[in-house]
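Coordinate analysis (summary)
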Amino acid sequence: MTLPRFQSVSPFLGVEDLPAALAFYRDKLGFSLAWEWGQPAELAAVCRDAVELTLATRSDAKPGGISRLYLQVDGVDSYHAQLQAAGVAISVAIDDRPYGMRDFSIIDPAGNVLCFGQASHTP
């Protein structure tokens, strides 16, 4: 029997203000709008390379509360510099961690925590 192969994941992030969240993810983080659903939109997805994130108005996100994501990226230092230049507040400074990653964190306008990292080159 051939086992199914997973292709991707698209986590849902709850947001209070979908248009503001879309603007943040597009204008500050460099994602592109993939799709929107509803009139007015209640759900939308943003993509960057192979990563897709679904943004849902908080009333539609079950269960409620914030989410925490860890996104592995190539060129984490360059991306960190891009976000700083775009005025994104860094909540956890970039550094080499004991768990073998070089990473940093931000908090989106809805309180969701996004950590960006890549394997550290230090032993």
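Treat the numbers as computed from the prediction; the structure is a model and nothing was measured.

1. Brief notes about unusual backbone geometry
- With omega at 0°, the peptide bond leading from Gln-39 into Pro-40 counts as cis.
- Relative to the elements of secondary structure, Pro-40 occurs in the loop between strand E2 (32-37) and strand E3 (43-48).
- Non-glycine residue Asp-49 carries a positive phi angle of around 55°.
- Checked against the element boundaries, Asp-49 lands in the loop between E3 and strand E4 (51-57).

2. Here's the deal with the sheet that holds E3
- Read from one edge of the open sheet, 4 strands run E1-E4-E3-E2, paired in mixed fashion. Both edges of this open sheet fall to strand E1 (12-15) and E2, since each of them pairs with a single strand only. Pairs of neighbouring strands in the sheet enclose a mean axial angle of 25°, with direction left out of account.
- Alignment of E2 against E3, held across 5 bridges, turns out to be antiparallel. Within E3, the position partnered with Trp-35 by the bridge is Ala-45.

3. As for the packing of aromatic side chains
- Taken as a whole and judged by the stated rule, the model has 4 aromatic pairs.
- Seen from their ring centres, Tyr-25 and Phe-31 are 5.9 Å apart, and the 75° between their planes marks the pair as edge-to-face. The residues Tyr-25 and Phe-31 share a single accessibility class, namely buried.
- With a centroid separation of 5.1 Å and 70° between ring planes, the pair formed by Tyr-79 and Phe-116 is classed as edge-to-face. Of this pair, Tyr-79 sits in helix H2 (residues 76-85) while Phe-116 sits in strand E8 (residues 113-119), and the two are 37 residues apart along the sequence. Just as Tyr-79 is buried, Phe-116 falls in that class too.
- Among the aromatic residues, ring-to-ring pairing joins Phe-24, Tyr-25 and Phe-31 into one connected group.

Criteria and cut-off values
Residues numbered from 1 in each chain as written. Predicted model: local features only at pLDDT ≥ 70, side-chain atom pairs only at ≥ 80, totals over all residues. Heavy atoms only, no water. Helix = DSSP H or I, 4+ residues; strand = E, 2+ residues; numbered from the N terminus. Pairing = 2+ DSSP bridges. Axes fitted to C-alpha atoms, helices over the stretch in contact; angles between N-to-C directions. Phe/Tyr/Trp six-rings, centres within 6.5 Å; stacked < 30°, edge-to-face > 60°. Buried < 20%, exposed > 50% of the residue type's maximum accessible area, 1.4 Å probe, protein only.

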